[in-house]
Amino acid sequence: VMLYLTVLALEFAPVALEHPLFSHPFFQGALRILKKLTIVLVIAGIVLSTLHQSSLGSLFLIAPYRAHPLWYSPIIYVLFFVTAVGLGLMTVSMESLLSGYFFRHKIPANLLGQLGKAAAWVLGLYAVLRLGDLAVRGQLGHAFDGSWQANLFWLEIALSAFLPIALMAIPAVR
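Just so it is clear, the structure is predicted and the values come from calculations on it, not from any experiment.

Trainee: Any chance you could break down the nonpolar core for me, citing the residues and the numbers?
Mentor: Core analysis: the largest hydrophobic core is formed by 13 residues, its most contacted members being Leu70, Tyr126 and Phe153. Secondary-structure elements contributing two or more residues to this core are α4 (76-103), α5 (109-136) and α6 (148-168). With five residues, α5 is the largest single contributor of residues to this core. In terms of nonpolar packing, the next biggest core, distinct from the first, is built from eight residues, Tyr4, Leu31, Leu41 and Leu48 among them.

Here it is in structure tokens:
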């Protein structure tokens with residue numbers, strides 16, 4: 001996680017170093033180096049975020065008895081990663097909308113629409129993986145037993161997959 005945060009800081013540093021406050025030759029040299037390393041840092045950030053997300057999910061694998069069968073899964077690291085991709089797409093969309101509103105610049109609606117479509121597909125994949133995993137493991141019955149865990153499970157699926165998919169299916173919303 002620290003390595004990932006370091007890479008993120010190095011990726012963001014050129015934005016700060018372009019400020020006139022950092023006009024000293026030392027900072028300008030660092031800026032030139034960081035600009036040359038941009039592609040390497042982006043690749044490192046993608047790889048480390050992938051490892052970060054899947055390792056968070058893998059923590060649940062070491063204690064299967066601590067998680068309810070609706071949430072324990074041998075492919076939980078895949079589920080964590082897929083949800084991170086979907087959330088990343090939606091976060092970029094939200095950031096674009098907010099920055100467009102607050103900084104009064106044109107919102108790239110066509111690009112955001114494409115991100116919305118991609119997010120809907122990714123979240124659809126998540127729903128299929130999530131429900132398919134329960135079915136394959138024979139745990140799907142827990143989702144229909146009327147317990148508070150089952151209700152929370154359906155609330156989670158509705159808020160994290162079904163509702164966003166439905167919203168992104170409407171062109172005006174997208």
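Trainee: So what's going on with unusual backbone geometry? Residues and values would help.
Mentor: Within the chain, Arg104 stands out as a residue other than glycine whose phi angle is a positive 55°. Structurally, the position occupied by Arg104 is in the loop between α4 and α5. Using a relative accessible area of 72% as the deciding quantity, one classes Arg104 as exposed.

Trainee: Which residues make up the environment of Phe27, and what are the values?
Mentor: Tracing the backbone shows Phe27 in helix α2 (residues 25-36). Judged by its relative accessible area of 29%, Phe27 is partly exposed. As for Phe27 and Tyr65, which are separated by 38 residues in sequence, their C-alpha atoms are 52 Å apart. When residues no more than four places from it in sequence are discounted, the contact partners of Phe27 are Leu17 and Phe22.

Calculation notes
Starting from 1, residues in each chain are numbered consecutively following that chain's sequence as written. Reporting in this predicted model follows two pLDDT cut-offs: at least 70 for local features of residues, and 80 or more for side-chain atom pairs to be given and counted; totals over whole chains, interfaces and linings ignore these cut-offs and use all residues. Heavy atoms throughout the structure, all of them, feed into the side-chain values; hydrogens and water do not. Throughout, nonpolar core names a set of buried Ala, Val, Leu, Ile, Met, Phe, Trp, Tyr and Cys residues whose side chains join them through atoms within 4.5 Å. Three exposure classes are used, based on accessible area relative to the maximum for each residue type with a 1.4 Å probe and protein chains only: buried under 20%, partly exposed in between, and exposed over 50%. Every helix listed is a DSSP run of H or I at least four residues long, and every strand listed is a run of E at least two residues long, numbered separately from the N terminus. We call two residues in contact when some of their heavy atoms are within 4.5 Å.

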